[in-house]
Amino acid sequence: MNKIKSTTVPIPLDNIDTDQIIPARFLKATNREGFGENLFRDWRYDKEDKPVKDFVLNHSTYQGEVLVAGKNFGCGSSREHAAWALADYGFKVVISSFFADIFKSNALNNFILPIQVSDQFLSYLFKAIEKNPKLEVSVDLETQIFSIPDLGMSTNFEINSYKKECLMNGYDDIDYLIALNKEVKTFEETHIYAS
Amino acid sequence: MGIAAPKTLFEKIWQKHVVQAKEGFPDVLYIDRHFIHEVTSPQAFSGLHKRGIPVAKPKQTIATADHNIPTKDQHLPIKELLSKKQVDTLIKNCNDFDVELYGIGHEKQGIVHVIGPELGITLPGMTIVCGDSHTSTHGAFGSIAFGIGTSQVEQVLATQSLLQYRAKTMKIEINGTLEKGVVSKDIILFIISKISASGGTGYFVEYCGTAIESLSMEARMTICNMSIEMGARGGMIAPDQTTFDYIKGREFAPKGEAWEEAMAYWKTLKTDEGATYDKVISFDAAEIEPWITYGTNPGMGIGISQNIPDVAVNSTAKDMEKSLGYMGLSKNQALRGKKIDYVFIGSCTNSRIEDLRMVADFVKGKKKANDVNVWIVPGSKKVEAQAIAEGLDQVFKNAGFDLRQPGCSACLAMNEDKVPAGKYCVSTSNRNFEGRQGPGSRTFLVSPLMAAAAAVTGEITDVRKLM
């Protein structure tokens, strides 16, 4: 991932927890695929499994690789299935004014970029999308700039340098850790709780 | 070298576990104990299979089945095919990778955050992780314990280490004495409603003060358990004599010389005089009454004598409207006297023997209200056995409670234990999210005492009035 230009999918609600992103009853799979089908299941479908008309994912108007959501996105359960569901559905970026810690780390481990903007910027963005549902936004990971080209607006976003490199090059934490095998073994020799 | 700077408990344990600290990179943290369960581990094991690598430290890895298992007829094969496949996958993975599994029917089986402490696996000064956000429970022993995602479960299985940024530190101090009828669950529900469901994000919390020190280990676990519900990475309480007494003699606790060595380490586990936290908050225990949530996140809570506010801390009018609409409630409404349909007593928050005793003491000689279903689900086989040995099962039976078998049950409703749509459930669990206890279910989070009171009256009741 480096540059993304896309229309957005807005969900202007705060505290969207991972139980909403993917309800527990869909966590029975033993692989990582197919969770997108049940993304936001109980907001997206009614009791008879019919699409809920006014939910944003059921609007053909709102499409794109960028999800825009209210503050404290991804709170609650640590289920990585939430990140898998978002990725499987096709989201590459989530914009919010605040992310829950575990979700943020799960997102990054699945090459979804969580972009934290100010409350003000977020509320402006929601308004702009409301005005123009086909509004395009652009993300440049290298320069760490999120912008709305048509409105001439942009903001910097933070990402730590290690994770940035992982995202840009498709690296995984596990490769990094496996390469430290010797250091871990040495550490274990004198550590109280190592077996 | 000068005199070492004073450190917080969190900093001490963190530093003891750093394998590598490198500028521009997260720390490489050594993990002492790794708990795994059927729901968040299969994809991690698949990763090991694909790479053809073993579990680095099988002896530091402990598995159980809890999230997705029935709480009735556990001696029979699991009926739900996907659930059965998930549990069977755990059995196979534990066999393939030589990991000890306390599976269904095993005398040590139970909710992962109940069995760790009760078996003496969880010890002070450890780093503990699990693919479950309520891993913060183990912080009650003065350990750094936190929930991780499945990619990280794979990392820990493969390397016994994790890449982690150090969290900021927050001290939450509660001094004073709790009123009768007010218990540790009320303390944590109170705190979360004061600082909101996101007020702890980015922090590791240390709870202290006389009100915390006076609590039993099980009561402390309830508090640390819900640290995640304010967004904190974890919560911890410095170990003291209460902690050491609880651990001593437990199956996997250190014994003999090892005990003495461990004690020498454990006694260093407290925040130094003069150490600073990034944030400090204090409350007076006298402010706390039996607490209850009214909304759809754990930050939306009030004291039982209060009415629903216009807006919860750190919330918006729009969020309140959505939450109250879902709950079928309105602003300024009192919850006292509200008719309820279900009571759930269980979960990693409140399913330990003290919780069951507290409920049994209260309901002894009473009966549940006619139109209420009451489920009581022990946290482990050991808790279940202890409850039976003490005759609590008879108390529950006489009260009309349905005592089920150990598991996570209706806390997250992955199994058959679901609250039907639109129904109200008074619950001792940890989350009141939309649909958490079943699609369309409506949850009020409370203490075991408040749950017992609601079970008996069939409505939301101030338990103090019945004591």
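Residues numbered from 1 in each chain as written. Chains lettered and ligands numbered in written order. Predicted model: local features only at pLDDT ≥ 70, side-chain atom pairs only at ≥ 80, totals over all residues. Heavy atoms only, no water.

**Examining the overall build of chain B**
Threshold: Numbering of helices and strands runs from the N terminus; a helix is a DSSP stretch of H or I covering at least four residues, while a strand is a stretch of E covering at least two. Based on C-alpha atoms, the radius of gyration is set beside the globule rule, defined as 2.2 Å times the residue count to the power 0.38. Classification of residues uses two cut-offs on accessible area relative to the type maximum, computed with a 1.4 Å probe and protein chains only: under 20% is buried, over 50% is exposed, and between them is partly exposed.
Across its full length, chain B carries 15 helices and 19 strands. Over its C-alpha atoms chain B spans a radius of gyration of 21 Å, differing by no more than 12% from the 23 Å that the globule rule assigns to 467 residues. Viewed in the frame of its principal axes, chain B has a C-alpha envelope of about 65 × 55 × 45 Å. Residues counted as buried form 66% of the 467 residues belonging to chain B.

**Concerning the overall build of chain A**
Applied cut-off: Between two residues, a contact is recorded if the distance between any of their heavy atoms is within 4.5 Å. Only the protein chains shown count as cover for residues, and the accessible areas themselves come from Shrake-Rupley with a 1.4 Å probe. We treat Lys and Arg as the positive residues and Asp and Glu as the negative residues; His and chain ends play no part in the count. Charge placement uses NZ in Lys and CZ in Arg. For Asp and Glu, CG and CD serve respectively.
Broken down by element type, chain A carries eight helices and eight strands. Taking the principal axes of its C-alpha atoms as reference, chain A extends roughly 60 × 45 × 25 Å. Taking all 195 residues of chain A together, the buried fraction comes to 56%. Sequence-distant contacts in chain A: of pairs separated by 6 or more residues, those separated by 24 or more amount to 63%. Accessible surface, chain A: about 8,500 Å² in total, of which carbon and sulfur atoms supply 47%. Positive and negative side-chain charges of chain A, numbering 21 and 28 respectively, have mean locations separated by a distance of 5 Å.

**Points about the pattern of salt bridges**
What counts here: The term salt bridge refers to a side-chain nitrogen of Lys or Arg lying within 4 Å of a carboxyl oxygen of Asp or Glu.
Scanning the entire structure with this criterion turns up 31 salt bridges over all chains. Between B:Arg220 and B:Asp240 there is a salt bridge, with the nearest N and O atoms lying 2.8 Å from each other. Residue B:Arg220 is found in helix α8 (residues 217–225), and its partner B:Asp240 is found in the loop between β11 (234–236) and α9 (241–247); the two are separated by 20 residues along the sequence. Of the residues examined, B:Asp240 reaches a relative accessible area of 22% and is grouped as partly exposed. Connected via shared salt-bridge partners are A:Arg32, A:Glu80, A:Asp175, B:Arg51 and B:Glu154.

**Overview of the environment of B:Ser380**
Residues and elements named next belong to chain B. By the element assignment, Ser380 lies in the loop between β16 (373–376) and α13 (381–389). Taking the C-alpha atoms as reference points, Ser380 and Ser351, 29 residues apart in sequence, are found 8.1 Å from one another. Setting aside its immediate chain neighbours within four residues, Ser380 contacts Gln109, Gly110, Val114, Ile115, Glu118 and Pro406.

**Quick notes on the packing of helix α12 (residues 353–363) of chain B against helix α14 (residues 392–399) of chain B**
Residues and elements named next belong to chain B. Counted only if it meets this: Axis lines are fitted through C-alpha atoms, for helices just across the contact stretch, and the angle between N-to-C directions can take any value from 0 to 180 degrees. By the definition adopted for this analysis, an angle is roughly parallel if under 35 degrees, roughly antiparallel if over 145, roughly perpendicular if from 65 to 115, and oblique otherwise. Note: crossing handedness is left-handed where the near helix turns anticlockwise from the far helix by less than a right angle, and right-handed where it turns clockwise. Throughout this entry, Asp, Glu, Lys and Arg are counted as charged residues, while Ala, Val, Leu, Ile, Met, Phe, Trp, Tyr, Cys and Pro are counted as nonpolar. The remaining residues, Gly among them, count as polar.
As a packed pair, α12 and α14 sit with axes 10 Å apart at the nearest point and diverge in direction by 45°. Considering their axes alone, α12 and α14 lie oblique with respect to each other. Here the hand of the crossing between α12 and α14 comes out left-handed. Seen from α12, the contacting residues are Ile353, Leu356, Arg357, Val359, Ala360 and Val363; seen from α14, they are Leu392, Val395, Phe396 and Ala399. The residue inventory of the contact of α12 with α14, partitioned by class, reads nine nonpolar, no polar and one charged.

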